[in-house]
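Analysis of the macromolecular model
These are the residues of each chain, in order.
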Amino acid sequence: MLLVVGCANPIGTLNLGQTTSVERGYTVTRNIIYTPRNWPEKIPGDLYRPHAMGLSPAVLLIHGGGWTGKDGRWQMEPIAKQLARRGYFVLNVTYRLAPKYIYPAPVDDMREAVKWLHVHAAEQGIDPTRISSFGYSAGGYLAAMTAYTENDIRAVVAGGTPGNLALYPGGDLVPQFLGGTKQEVPQRFAEASPVNYISSQSPPTFIYHAVEDKLVPREQAWAMIEALENHDVPHEIYWIYGRDHVATFLFPADAVNQAIDFLDRYSR
């Protein structure tokens, strides 16, 4: 699930320092540390504040990259800007990455990001009852895991998402993320799969996926769709034709616009 190769430093060597810039329609504060002091790493996120009066909804935005490599917040900046201009607070985060950290480390990081949004909701002007998650690839996975294992996520956008890790017959990325092969840690493949946490209480879900995706095959999307249908969870699917996994991230057709419209319907 490696989307793109970045040029940022690994988390452990980031020279963190908050900076704030004012853009048209929103303000960005970069390198906010959203994890508590006793966390194994200082994990940063960028907070986009819309220029709006009153309480606003928020989106936890999560980059992909196969749960490995480097800080990929830059991947999601265009979506963060689009959401901010639409009136959403956005916390665009990175997380602990393999091979140094394996499951459930990044899932735990996302829970801390949600906690940060709740703790700072009043001072920032965030409505804590309207927090959604949004990600692509490994980020879509984390957005889904956060949404289906937390009680206070309003809606989720999951693009190119590996929803059922047990469907992977081999490869390197999933075993690296889970700390072993399906033969070595079979229970972890089930425990770490978002599809196994979908229930009638799960939040509305927007899925977008490339029909020609070979890295995250469309059976992954169908596994999530089936579970959502079985539990009567409101959901929409946007199929992208003629593109693979990476091309869909770079050129998502109208998927991002449709996804934000979906968030408007369920978190406004």
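Attention in this report is confined to the structure presented alongside it. (Residues numbered from 1 in each chain as written. Predicted model: local features only at pLDDT ≥ 70, side-chain atom pairs only at ≥ 80, totals over all residues. Heavy atoms only, no water.)

**Quick notes on the overall build of the protein**
- When helices and strands are counted, the protein shows nine helices and nine strands.
- Whereas a compact globule of 268 residues would reach a radius of gyration of roughly 18 Å, the protein reaches 17 Å, a difference of no more than 12%.
- Of all 268 residues assigned to the protein, the portion counted as buried reaches 55%.
- For the protein, the proportion of contacts with a sequence separation of at least 24, taken over those separated by at least 6, is 71%.
- For the protein, the computed accessible surface area is about 11,300 Å², with 51% contributed by carbon and sulfur atoms.
- The positive charge centre, built from 23 side chains, and the negative charge centre, built from 26, are 6 Å apart in the protein. (Helix = DSSP H or I, 4+ residues; strand = E, 2+ residues; numbered from the N terminus. Rg over C-alpha atoms; globule rule 2.2 N^0.38 Å. Buried < 20%, exposed > 50% of the residue type's maximum accessible area, 1.4 Å probe, protein only. Contact = heavy atoms within 4.5 Å. Areas by Shrake-Rupley, 256 points an atom, 1.4 Å probe, with all protein chains shown as cover. Lys, Arg positive; Asp, Glu negative; His and termini not counted. Charge placed at Lys NZ, Arg CZ, Asp CG, Glu CD.)

**Quick look at the packing of helix H1 (residues 77-85) against helix H9 (residues 255-267)**
- Relative orientation of the contacting elements H1 and H9 amounts to 40°, with a least axis distance of 11 Å. Comparing the axis directions of H1 and H9 gives the class oblique. Between H1 and H9 lies a crossing of right-handed hand. Contacts between H1 and H9 involve Ile 79, Gln 82 and Leu 83 on the former and, on the latter, Val 256, Asn 257, Ile 260 and Leu 263. (Axes fitted to C-alpha atoms, helices over the stretch in contact; angles between N-to-C directions. Parallel < 35°, antiparallel > 145°, perpendicular 65-115°, else oblique. Left-handed = near helix turned anticlockwise from the far one by under 90°.)

**Thoughts on the packing of aromatic side chains**
- Going through the model one piece at a time under the given rule, you end up with eleven aromatic pairs.
- Their ring planes at 40° and their centres at 5.8 Å tell us that Tyr 26 and Tyr 48 sit as a pair that is tilted. Taken together, the residues Tyr 26 in strand S2 (residues 26-33) and Tyr 48 in strand S3 (residues 44-50) connect sequence positions 22 residues apart. Of the two residues examined, Tyr 26 and Tyr 48, each falls in the buried class.
- Ring plane angle 35° and centroid distance 5.6 Å describe the contact between Tyr 136 and Phe 249, whose orientation is recorded as tilted. Of this pair, Tyr 136 sits in strand S6 (residues 126-136) while Phe 249 sits in helix H8 (residues 245-250); the two residues are 113 residues apart in sequence, bridging distant segments of the chain. Per residue, the accessibility class of Tyr 136 equals that of Phe 249, and both read buried.
- Put simply, the rings of Tyr 136, Phe 206, Tyr 208, Phe 249, Phe 262 and Tyr 266 pair up and form one aromatic cluster.
- Its guanidinium or amino end placed over the ring of Tyr 101, Arg 96 lies 5.1 Å from that ring's centre, counting from NZ or CZ. (Phe/Tyr/Trp six-rings, centres within 6.5 Å; stacked < 30°, edge-to-face > 60°. Lys NZ or Arg CZ within 6 Å of the ring centre and 35° of its normal.)

**Comments concerning the pairing of strand S5 (residues 89-93)**
- For S5, the buried fraction is high: five of the five residues fall into the buried class.
- Of the two faces of S5, the one lined by Phe 89, Leu 91 and Val 93 and the one lined by Val 90 and Asn 92 are each fully buried.
- As defined by bridge partners, S3 adjoins S5 across four bridges and the pair is classed as antiparallel. Note on S5: the bridge partner recorded for Leu 47 is Leu 91. (Pairing = 2+ DSSP bridges.)

**Notes on the environment of Phe 262**
- The topology assignment puts Phe 262 in helix H9.
- We classify Phe 262 as buried; its relative accessible area is 0%.
- The contact partners of Phe 262, leaving out residues within four places of it in the chain, are Ala 155, Val 156, Pro 204, Thr 205, Phe 206 and Glu 236.

**Things to note about the packing of helix H2 (residues 105-119) against helix H4 (residues 138-149)**
- Two numbers describe how H2 lies on H4: the axes approach to 10 Å, and their chain directions differ by 65°. Our pair here, H2 against H4, has a crossing hand that is right-handed. Contacts between H2 and H4 involve Pro 106, Val 107, Met 110, Arg 111 and Val 114 from the former and Tyr 141, Leu 142, Met 145, Thr 146 and Thr 149 from the latter.
- Taken together, the residues of the contact of H2 with H4 sort by class into seven nonpolar, two polar and one charged. (Nonpolar A, V, L, I, M, F, W, Y, C, P; charged D, E, K, R; others polar.)

**Topic: the nonpolar core**
- Counting 54 residues, the largest nonpolar core has Tyr 141 and Leu 165 as its most contacted members.
- Secondary structure elements with two or more residues in this core: strand S4 (56-62), S5, H2, S6, H4, strand S7 (153-159), helix H5 (173-178) and helix H7 (218-230).
- Examining the composition of this core, we find that eight residues originate from one element, H4, more than from any other.
- If near-sequence neighbours (up to four positions away) are discounted, Tyr 141 is found in contact with Trp 67, Tyr 103, Val 107, Thr 161, Pro 162, Leu 165, Phe 177, Ala 192 and Pro 194.
- Val 28, Val 59, Phe 134 and Ala 155 belong to the second-largest nonpolar core, a separate cluster that totals 26 residues. (Core = buried A, V, L, I, M, F, W, Y, C linked by side-chain atoms within 4.5 Å.)

**Observations concerning H9**
- Counted at 1.5 Å a residue, the expected span for H9 with its 13 residues is 18 Å, and the 18 Å between its end C-alpha atoms agrees.
- Regarding H9, the residues found buried are Ala 255, Val 256, Ala 259, Ile 260, Phe 262, Leu 263 and Ser 267. Buried residues of H9 fall within an arc of 155° about the axis and therefore sit on the same side.
- In the core, the buried residues of H9 are packed alongside S4, H1, S6, S7, strand S8 (205-210) and strand S9 (235-240). (Expected span 1.5 Å × (residues − 1). Arc of directions from axis to C-beta.)

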